[in-house]
2 protein chains.
Amino acid sequence: MAGKNIDKSDALNDPDNARAVTSYDVARVAGVSQSAVSRCFKPGASVSKKMRDKVMKAANSLGYEPNAIARSLLTRRSNLVAVIISNLTNLYYPEVLSQLSQQFSDRGIRVLLFALEGEGKTEAALQQIWQYQVDGVIAAVKLTDEQLAEFNRRNKPLVFYNRFYTSLAVNAVCCDQAEGARHLVNDLVAAGHKRFGIIGGPEDSVVAHERMAATMDRLKELGIADITSVSGDYSYECGGAGIEDIRLKRGEIPEAIICVNDLSAIGAIDALRYSHSKKVPEDVSVVGFDGVGPSNWSSYDLTTVRQPVGRMTDAAVTMLMERIENPSLPPEKRVFSGIMIEGTSAKISE
Amino acid sequence: MAGKNIDKSDALNDPDNARAVTSYDVARVAGVSQSAVSRCFKPGASVSKKMRDKVMKAANSLGYEPNAIARSLLTRRSNLVAVIISNLTNLYYPEVLSQLSQQFSDRGIRVLLFALEGEGKTEAALQQIWQYQVDGVIAAVKLTDEQLAEFNRRNKPLVFYNRFYTSLAVNAVCCDQAEGARHLVNDLVAAGHKRFGIIGGPEDSVVAHERMAATMDRLKELGIADITSVSGDYSYECGGAGIEDIRLKRGEIPEAIICVNDLSAIGAIDALRYSHSKKVPEDVSVVGFDGVGPSNWSSYDLTTVRQPVGRMTDAAVTMLMERIENPSLPPEKRVFSGIMIEGTSAKISE
C-alpha cells in the first residue's frame, strides 16, 4: 500500500499543509481502520450503514475522495469498461446503450464509449482501449481473428453483444436472429403470401446478413421461389428506396415485403402509402425486426420480432463482471429468443 | 520523466526480460529520440508521416503501447471528458451523443458516459467524475449552485449543452428555445388559429419549461386567451394522453396543438387520427420542437423547429477543448437559432 509510507502524524494539525487528504486521515477522524474507509469507497463492497455514515461524514468534512486513476494502478482494476457500438443513430442502439450504461452504473462501473460510424473502424478503438486499461469490453461490432487473439493474449474479458461466432470459443449474448426470421416467414407463408420482396441491411452488419440468410433459406424450404431481394442500410430512407428498387426489378410490387430491421420497414410502409398509393396490409404486408419504439406507433403497428433488450443487456453485463472477477471462467454463449409481435402491418392467417 | 530512471542497456537483448516495453525501447529501435516517440502517441501533436511510420513500425514490432492512465498521472491530462446526459431514449439525445462522441474521438479524446435516468441524479455522477480526473465536462443537465461552485473550486472546465443560466457566468451552448417557440406561435396565429392546446414536458427539464413559458407569453402577447395546457413527459405516449386530457378539460379538441417536443407531437398526431378520427392538419394543426428523424417521416411531416445539432455539438466540443488548454479563458455563451421546418402537420397562412 503506497499510503503506508506517508507520515501522518501532524498532517491534520498543520493548517498550512496542502497535501491531499488520504484514507488514513479519514480513518483517524472517523475512528475506524483505513481498510474500513477503503471498503466504503470500493464499489460493491459490503459495509454496514452505520459504518458508511460515519466514514462519509468524516470524508466530507475533510474533502476526501479517492483518486480512481491512481487506485487503478495499485489494484489493476480501473472500474472502467469499454462499450463499442456502431450505428448509434439507428433507433435500436440508443436503448441498448442506455440499458448497458445504467446496469454498469448500478455496479459502480463507468462506461467508456466508442461509438463507431461503421463496424469497420474497430482497430483504432482497440488501440485506445488497450491504453485506458479497461477491465473488460462489450463489443456490439465484429472483430477479426487477430483482434480476438489479442484479447486472449492480454487476458482481457470480452463479451459480444449480438455477434455470434459459431466456431470460436467467445462470450456472446445474442438474440436468435435466424429463429425470429423463420417465424416471420412462417406466418407470412401461412397467410397465403407467395410473392416476396426483401430489403437487406448494411454490408458490414453481421446481424443483417444472418437475418437475410435465414429469411431466404426458410422461404426456399417452404417452396417459395418468387423472391426479389434488394440491398439497404437499416435507414428509414432505404425502405422507400428498396420498394422502388423492387418495383423496377419486377415491374410490380409483390404482396409481402420483409425488411431486416424496423426502421427500413417503417420507411417501406410510408413509401407504399404515400408514393405508391398502396394499403398496408390490404395490398401489401410488411414486417420488420427489432421491436424499436416507433414500431409500436399507431401509424405503423408493425409485425416484428422484438429483441428482449433488458434481459440481453443484463446478461451481457453479468457475464462481463463475472469474468472480470474470475478471468478463468470458460466462454459462454447465451441466445435469447425474440418475442413475436403480431401488429397490423401484415395479413396473418385466420 | 519516470522512464529516465530505468536502466535500458540490456533490456532488449535479454529474452527472459519480461518488463514492459518503454518509449525508450521504441526510440532505440526506430532510431529516433524518445520525445519523438512520445509525440507520435500524443493526440493532436504534429509529427511527419515519415516519422510516424518509422515509430509505429518499431512500436508494433516491440508490442509497445503507452499506458494512458499512468501518463495521465504525469501529464495531469487524462484525455477523458465526461458527458452527462439524461433521457437517452428520448429520440433527440442519441444524435447529440453520437455527434459529441465522434467529435471528441477526432481530437483523440475519450468520452466517459453518464446517462442519467432524470436530471435529478447528478450528484452521484459528479462524485464519480471527480474520481476519474476527467479533463472537462459537458453537462446536458442542470446543476445546483453548489455543484457549479465545486467546478470553479476545482478549476474544472465545464460546458453546458442546452442549459442556459442567465445570471451566472458559465460556458453554455444552446438552441434559442424561446425564439423557436415564438416563431411557431407566430405562424399558427397568422394562419388564423384562435383556440390552443399545449402539451408540456418533464417537470425537471429546463428546456421544456423554457419552451412552455415562451409559448404562453407569445400567445398572450398576440391576444390569444383560449389556451388549455396539460403536462407531459416528452414521450410518444404523453402526446395521446395530452390530447385526451385537453379534450376532457374543455369538452372538445381545439384547432391547434403545440407540443414542447417532436416525440409528443407525433403521439398527438397518431391519437388525433386513430383515436379521435381527426384529420391533421385539416381539423387540427400540430407542431413540435427538435427536428428529430421521425419528424420528417411521411406519416407526420411535422412543422417544427430543428436544433442545429452538428453546429451545437461542434461548438460545445471546441469550447471545452479551448478551456482544457487554457482554463483562464472567460466564460462564453453561444446561442444558436433553430431552423424553422414548415411541414404539413399545421395549417399556415397563404
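Parameters at a glance
- Residues numbered from 1 in each chain as written.
- Chains lettered and ligands numbered in written order.
- Predicted model: local features only at pLDDT ≥ 70, side-chain atom pairs only at ≥ 80, totals over all residues.
- Heavy atoms only, no water.
- Domains from an automatic or database assignment.
- Contact = heavy atoms within 4.5 Å.
- Buried area = accessible area lost by both parts, 1.4 Å probe.
- Salt bridge = Lys/Arg side-chain N within 4 Å of Asp/Glu carboxyl O.
- Helix = DSSP H or I, 4+ residues; strand = E, 2+ residues; numbered from the N terminus.
- Polar contact = N/O pair within 3.5 Å; in protein donor to acceptor, adjacent residues only side chain to side chain.
- Pairing = 2+ DSSP bridges.
- Axes fitted to C-alpha atoms, helices over the stretch in contact; angles between N-to-C directions.
- Core = buried A, V, L, I, M, F, W, Y, C linked by side-chain atoms within 4.5 Å.
- Buried < 20%, exposed > 50% of the residue type's maximum accessible area, 1.4 Å probe, protein only.
- Phe/Tyr/Trp six-rings, centres within 6.5 Å; stacked < 30°, edge-to-face > 60°.
- Expected span 1.5 Å × (residues − 1).

Quick notes on the domain arrangement of chain A
Residue and element names in this part refer to chain A.
Now for step 1: Once the domains are mapped, chain A shows domain 1 (2–66), domain 2 (78–176 + 309–338) and domain 3 (177–306).
Now for step 2: Taking the mean C-alpha position of each, domain 2 and domain 3 sit 29 Å from one another.
Now for step 3: Residue-level contacts link 14 residues of domain 2 with 18 residues of domain 3.
Now for step 4: Here domain 2 and domain 3 share an interface that buries about 1,300 Å² over both sides, 51% of which is from carbon and sulfur atoms.
Now for step 5: Our count for the domain 2 to domain 3 interface comes out at zero salt bridges.

So, the side chain of threonine 228 of chain B
Residue and element names in this part refer to chain B.
Now for step 1: The residue threonine 228 is located in strand 7 (residues 226–230) in this model.
Now for step 2: Reaching out from threonine 228, the side chain makes a polar contact with the side chain of arginine 250 at a distance of 2.9 Å.
Now for step 3: Residues within four places of threonine 228 in sequence aside, it is in contact with Phe196, Gly197, Ile198, Ile246, Lys249 and Arg250.

Notes on the environment of methionine 319 of chain A
All names here are of chain A.
Now for step 1: Along the chain, methionine 319 falls in helix 12 (residues 309–325).
Now for step 2: Note: C-alpha distance between methionine 319 and glutamate 332 (13 residues apart in sequence) is 8.3 Å.
Now for step 3: Contact partners of methionine 319, with chain neighbours within four places excluded, come to Val159, Asn171, Ala172, Val173, Glu332 and Arg334.

Quick look at the sheet that holds strand 8 (residues 256–259) of chain A
Residue and element names in this part refer to chain A.
Now for step 1: Read across the open sheet, the four strands follow the order 7-6-8-9; overall the sheet is parallel. If you trace the sheet from one side to the other, it starts and ends with strand 7 (226–230) and strand 9 (285–287), each paired once. Shown here is a sheet whose adjacent strand axes are inclined to one another by a mean of 15°, direction ignored.
Now for step 2: In terms of strand pairing, strand 6 (residues 195–199) meets strand 8 through four bridges, oriented parallel. Bridge assignment links phenylalanine 196 to a residue of strand 8, and that residue is alanine 256.
Now for step 3: Relative to strand 9, helix 8 (residues 177–190) is tilted by about 170°, and along the sheet it contacts strand 6, strand 8 and strand 9.

Here we look at the pattern of salt bridges
Now for step 1: Summed over the entire model, instances satisfying the criterion amount to 28 salt bridges over all chains.
Now for step 2: Salt bridges here are not isolated pairs; linked through shared partners, they connect Arg195, Asp226, Arg250, Glu252 and Glu255 of chain A.

Quick word on unusual backbone geometry
Now for step 1: In this structure, proline 281 of chain A follows valine 280 of chain A across a cis peptide bond, with omega equal to 10°.
Now for step 2: Relative to the assigned elements, proline 281 of chain A resides in the loop between helix 11 (262–274) and strand 9.
Now for step 3: Even without a glycine there, the phi angle at tyrosine 234 of chain A is positive, about 80°.
Now for step 4: Mapped onto the elements, tyrosine 234 of chain A comes out in the loop between strand 7 and helix 10 (236–250).
Now for step 5: Positive phi is not limited to glycine here, since asparagine 79 of chain B has a value of about 55°.
Now for step 6: Among the secondary structure elements, asparagine 79 of chain B is positioned in the loop between helix 4 (68–75) and strand 1 (80–86).

Some words on the nonpolar core
Now for step 1: By size, the foremost hydrophobic cluster in this structure holds 103 residues, and its most contacted members are Phe104 of chain A together with Phe104 of chain B.
Now for step 2: With residues up to four places along the chain from it excluded, the contact list for phenylalanine 104 of chain A reads Val81, Val83, Ile109, Val111, Ile138, Val317, Leu320 and Met321 of chain A.
Now for step 3: If you look at the next biggest cluster of nonpolar residues, it comprises 48 residues, including Tyr165 of chain A together with Leu80, Leu126 and Cys174 of chain B.

Details of the side chain of threonine 313 of chain A
Now for step 1: One can find threonine 313 of chain A in helix 12.
Now for step 2: The exposure class assigned to threonine 313 of chain A is buried, which follows from its relative accessible area of 0%.

As for the sheet that holds strand 7 of chain B
All names here are of chain B.
Now for step 1: Taken in spatial order, the four strands line up as 7-6-8-9 in an open sheet, and their pairing is parallel. Of all the strands in the sheet, just strand 7 and strand 9 (285–287) have a single pairing partner and so form its edges. On average, adjacent strands in this sheet sit at an angle of 15° to one another, irrespective of strand direction.
Now for step 2: By the bridge criterion, five bridges tie strand 6 (residues 195–199) to strand 7 in an arrangement that is parallel. The residue bridging glycine 197 from the neighbouring strand is threonine 228, located in strand 7.
Now for step 3: Contacting strand 6, strand 8 (256–259) and strand 9, helix 8 (residues 177–190) runs over the sheet at an angle of about 170° to strand 9.

Observations regarding the packing of aromatic side chains
Now for step 1: A full pass over the atoms with the stated rule returns eight aromatic pairs over all chains.
Now for step 2: Aromatic pair tyrosine 236 of chain A and tryptophan 297 of chain B: ring centres 4.9 Å apart, planes at 5°, arrangement stacked. With tyrosine 236 of chain A in helix 10 and tryptophan 297 of chain B in the loop between strand 9 and strand 10 (304–306), the pair connects residues from two separate chains. Of the two residues examined, tyrosine 236 of chain A and tryptophan 297 of chain B, each falls in the buried class.
Now for step 3: An angle of 65° between the planes, with centres 4.9 Å apart, marks the rings of tryptophan 130 of chain B and phenylalanine 151 of chain B as edge-to-face. Here tryptophan 130 of chain B is found in helix 6 (residues 122–131), whereas its partner phenylalanine 151 of chain B is found in helix 7 (residues 145–154), with 21 residues between them in sequence.
Now for step 4: Judged by its relative accessible area of 6%, tryptophan 130 of chain B falls in the buried class.
Now for step 5: On the basis of relative accessibility, which here comes to 2%, the residue phenylalanine 151 of chain B falls in the buried class.
Now for step 6: Ring-pair connections join several aromatic residues into one group, and the members of that group are Tyr236, Trp297 and Tyr300 of chain A together with Tyr236, Trp297 and Tyr300 of chain B.

Concerning helix 5 (residues 93–106) of chain A
Residue and element names in this part refer to chain A.
Now for step 1: Helix length check: helix 5, at 14 residues, gives a terminal C-alpha distance of 20 Å against a target of 20 Å (1.5 Å per residue), a fit within 8%.
Now for step 2: The buried count for helix 5 comes to 10 of 14 residues, which makes it a mostly enclosed element.
Now for step 3: What helix 5 keeps buried is the set Tyr93, Pro94, Val96, Leu97, Ser98, Leu100, Ser101, Gln102, Gln103 and Phe104.
Now for step 4: Glycine 108 occupies a position one or two residues after helix 5 and carries a positive phi of about 75°.

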